[in-house]
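Observations on chain architecture
Residue strings, one per chain:
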Amino acid sequence: MKDTKILEVKNLVKHFTVTAQGASEQKQVVRAVDGVSLDIKEGEILGIVGESGCGKSTLGKTVMRLHDKTSGEVLYRGEDLFGMKRDQMKDISTHMQMIFQDPYSSLNPRKKVSQVIGQPLRIHSVGSSSEQSDRVEALMEEVGLNPKFKRRYPHQFSGGQRQRIGIARALALDPEFIVCDEAVSALDVSVQAQILNLLLDLQSKHQFTYMFISHDLAVVEFISTRILVMYLGRVVEIADKKELVQKHLHPYTKALFEAFPTTDPRSRIGKKRVVMGDVPSPIYPPSGCHFHPRCPFATDKCRMEYPPLKEVSPGHSVACWEFGS
Ligand SMILES: Nc1ncnc2c1ncn2[C@@H]1O[C@H](COP(=O)(O)OP(=O)(O)OP(=O)(O)O)[C@@H](O)[C@H]1O
Ligand SMILES: [Mg+2]
């Protein structure tokens, strides 16, 4: 892994305005991402983990500029992504790709697999049609699909094979940075392992940089080199994988780990785990530390003031008053 930063996210905020249901139809603000800062270095696999609704997908999509930001900055190789003009963004978008959770709904069911995988090549006018066809076959082979099935439709493939189609499409333009959003969450456990291994093989072959989003800590632990834990739109802890597994400090991270029956991530993948209590609404986040209503160690300070993210050892930061100023 090199030391070059491929992505820098600075105090990124993404709020959605929604209309409340019921008589009042009041406007409400969903604080989906509420001041996230992070860096991703070339060749790194940064896992983003947290319970449903904590803002992981919103973070991934905003980083890809699929959402507008509310405030903050996203720098891609030092350049402000949101300041880019359409042409420059079109160029950059070939370097950045996203793989989604549900391979079926993200693949057009009326298009043959060759058209689905070749679509980015056509959009960006890469090569002649016979070169595009060769490239599609090579991509299918690379992700473990038999090219002789290229005239089939997505529904004729299994869930795991459909995710391979989605991966092949993401690879078509030779990206360097890939956001995987719950890329294996819809798959059976045994298939999850195959797809995770494929993503790892591709990463070591092409030196990809991944932002790997999952609500499943075992999956994130299996694939990542560094792990960021999110809670209600904010980063609560970030560290190298090994450090986080051995020395997690935030009570929320602890709760995520304690909800597991064993310590081997492979044996935990796909198992359901629950942290006590419900996730509060990002429309009305709790005062102070957002985790305080579920935290067994909360003090008055935690109820009143949000703890800043503080580096407690090199590369390991935590937002908790217990380790704060
Ligand atoms: N387009 C949108 N409009 C309004 N609210 C949204 C929109 N997208 C997401 N939200 C809200 O933002 C919050 C964060 O959602 P997000 O999908 O980013 O969470 P997540 O961590 O990816 O959850 P999951 O694990 O279920 O995928 C949620 O409260 C969600 O309802
Ligand atoms: Mg999501």
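Look above for the structure.
Residues numbered from 1 in each chain as written. Chains lettered and ligands numbered in written order. Predicted model: local features only at pLDDT ≥ 70, side-chain atom pairs only at ≥ 80, totals over all residues. Heavy atoms only, no water.

1. As for the overall build of the chain
A count of helical and extended segments in the chain gives 11 helices and 12 strands. With the C-alpha coordinates aligned to their principal axes, the bounding extent of the chain is approximately 65 × 50 × 45 Å. A buried classification covers 50% of the 325 residues belonging to the chain. Within the chain, residue pairs in contact and separated by at least 24 positions form 66% of the contacts whose partners lie at least 6 positions apart. (Helix = DSSP H or I, 4+ residues; strand = E, 2+ residues; numbered from the N terminus. Buried < 20%, exposed > 50% of the residue type's maximum accessible area, 1.4 Å probe, protein only. Contact = heavy atoms within 4.5 Å.)

2. Observations regarding helix α3 (residues 113-123)
Those residues of α3 that fall on the buried side of the exposure criterion are Val113, Ser114, Val116, Ile117, Gly118, Pro120 and Leu121. Where α3 is buried, its residues contact α4 (129-142) and α5 (159-171). Looking one or two places after α3, you find Ser125, whose phi comes out positive at around 45°.

3. Focus: the site of ligand 1
In the vicinity of ligand 1 lie 14 residues, with Ser52, Gly53, Lys56, Ser57 and Thr58 positioned nearest. Gly55 has a polar backbone atom sitting 3.1 Å from an oxygen atom of ligand 1. Thr58 has a polar side-chain atom sitting 2.5 Å from an oxygen atom of ligand 1. The fraction of the free accessible surface of ligand 1 (640 Å²) that becomes covered by protein chains is 64%. Of all the elements in the fold, those that place two or more residues in the shell around ligand 1 are β1 (5-19), β2 (27-41) and α1 (56-63). The element best represented in the shell around ligand 1 is α1, accounting for 3 residues. Of the residues contributing to the shell around ligand 1, the split by class is 6 nonpolar, 5 polar and 3 charged. (Near = heavy atom within 4 Å. Polar contact = N/O pair within 3.5 Å; in protein donor to acceptor, adjacent residues only side chain to side chain. Areas by Shrake-Rupley, 256 points an atom, 1.4 Å probe, with all protein chains shown as cover. Nonpolar A, V, L, I, M, F, W, Y, C, P; charged D, E, K, R; others polar.)

4. Some thoughts on the pairing of strand β6 (residues 96-99)
Across the two faces of β6 the burial is the same, with Met96 and Met98 and Gln97 and Ile99 all buried. For β6 and strand β7 (residues 177-181), the ladder comprises 4 bridges, and the chain directions are parallel. Bridge pairing links Ile99 to Cys180 in β7. (Pairing = 2+ DSSP bridges.)

5. Here we look at unusual backbone geometry
Despite not being glycine, Asp174 has its phi angle at roughly 55°, a positive value. Locating Asp174 in the fold gives a position in the loop between α5 and β7. The backbone of Leu232 shows a phi angle near 45°, a positive value even though the residue is not glycine. Secondary-structure assignment places Leu232 in the loop between β9 (226-231) and β10 (234-240). In this structure Leu232 comes out as buried when scored by relative accessible area, which is 2%.

6. Brief notes about the packing of α3 against α4
At a closest axis distance of 9 Å, the pairing of α3 and α4 adopts a crossing angle of 115°. The element α3 and its partner α4 pack so that their crossing is right-handed. Residue-level contacts link Val113, Ser114, Ile117, Gly118, Leu121 and Arg122 of α3 to Gln132, Arg135, Val136, Leu139 and Met140 of α4. Its residues assigned to classes, the contact of α3 with α4 shows 6 nonpolar, 3 polar and 2 charged. (Axes fitted to C-alpha atoms, helices over the stretch in contact; angles between N-to-C directions. Left-handed = near helix turned anticlockwise from the far one by under 90°.)

7. Observations regarding the side chain of Thr94
Summarising the element assignment, Thr94 is placed in helix α2 (residues 86-95). Overall, Thr94 belongs to the buried group, its relative accessible area being 15%. At 2.6 Å, the side chain of Thr94 and the backbone oxygen of Asp91 are in polar contact. Apart from residues no more than four positions distant in its own chain, Thr94 is found in contact with His124, Leu173, Asp174 and Pro175.

8. Here we look at the packing of aromatic side chains
A full pass over the atoms with the stated rule returns 5 aromatic pairs. Measuring from ring centre to ring centre gives 6.1 Å for Phe208 and Tyr210, while their planes differ by 45°; the resulting arrangement is tilted. In textbook terms, an aromatic cluster arises when at least three aromatic residues are bridged by ring pairs, as seen for Tyr231, Tyr252 and Phe291. Of note, Arg234 hangs over the ring of Tyr306, and the distance from its end group to the ring centre comes to 4.0 Å. (Phe/Tyr/Trp six-rings, centres within 6.5 Å; stacked < 30°, edge-to-face > 60°. Lys NZ or Arg CZ within 6 Å of the ring centre and 35° of its normal.)

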